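Chain by chain, the residues:
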Amino acid sequence: SFFGCHASRSILTIKQNCDLAESLKKGSCFVFKTGLIHNKGIVYAKYFDPLPVQTIALILTAIECCIDKWMTEVKEDIKFSSVAYSPVYLLHLNFLQWFEEWTAAYKLLGKIGVNLLNVARMHAGVDPLMAAVTINSFTDDYEDEAQEAQEGGGD
């Protein structure tokens, strides 16, 4: 896995996975160990660029859920539900909001958000030039076609 956990029946590996999961969760260490998009991200770029603090908190919450799978001696599926993870989400959100205020002079959270978005686009195989395309350019194209159709110029 990304953090180094391995599926195995070996007692040693199971113990290592459990220890690693505990250390990653302690003080939210996994947040600082790691430096995440679909074509809809381009169409709806206005919602993701800049990456909202709420989205970053959700990403951190999902990562924590993945780490929680390794908290027992064997990997187990854990349901990512609002009942189980909304308190975790709120902790991450509160921390990020505090961090944003604390580092406001450096605009550090915004820079982290840009980096996360760029990495997500890279892993999704999004062409950097296409990432600049916004909903407005798509809407303008459709409005032009609709206008032509209304004027009788459409097929």
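Our structure's up above, just so we're on the same page.
Residues numbered from 1 in each chain as written. Predicted model: local features only at pLDDT ≥ 70, side-chain atom pairs only at ≥ 80, totals over all residues. Heavy atoms only, no water.

Colleague: Explain the overall build of the protein to me, using residue names and the numbers behind them.
Modeller: Scanning the protein for helices and strands turns up nine helices and zero strands. Shown N-terminal to C-terminal, the secondary structure of the protein runs as helices and strands in the order α-α-α-α-α-α-α-α-α. When each of the 155 residues of the protein is scored for burial, the buried share is 28%. A total of about 10800 Å² of accessible surface is found on the protein, and carbon and sulfur atoms cover 59% of it. (Helix = DSSP H or I, 4+ residues; strand = E, 2+ residues; numbered from the N terminus. Buried < 20%, exposed > 50% of the residue type's maximum accessible area, 1.4 Å probe, protein only. Areas by Shrake-Rupley, 256 points an atom, 1.4 Å probe, with all protein chains shown as cover.)

Colleague: Tell me what's going on with the nonpolar core, and back it up with residues and numbers.
Modeller: Formed by 18 residues in total, the largest nonpolar core has its most connected members in L51, V53, I56, I67, L96 and L109. Elements with a contribution of two residues or more to this core: helix 1 (11–25), helix 5 (53–68), helix 6 (82–102) and helix 7 (108–123). Among the elements that line this core, the one with the most residues is helix 5, at seven residues. Aside from chain neighbours lying at most four places away, what touches L96 is V53, I56, A57, L60 and L109. (Core = buried A, V, L, I, M, F, W, Y, C linked by side-chain atoms within 4.5 Å. Contact = heavy atoms within 4.5 Å.)

Colleague: Which residues make up the pattern of salt bridges, and what are the values?
Modeller: Per the counting criterion, the structure on display carries one salt bridge. D19 is the partner of K15 in a salt bridge, and the nearest nitrogen-oxygen pair spans 2.8 Å. Remark: D19 and K15 occur in helix 1; sequence separation between them is four residues, near one turn of the helix. (Salt bridge = Lys/Arg side-chain N within 4 Å of Asp/Glu carboxyl O.)

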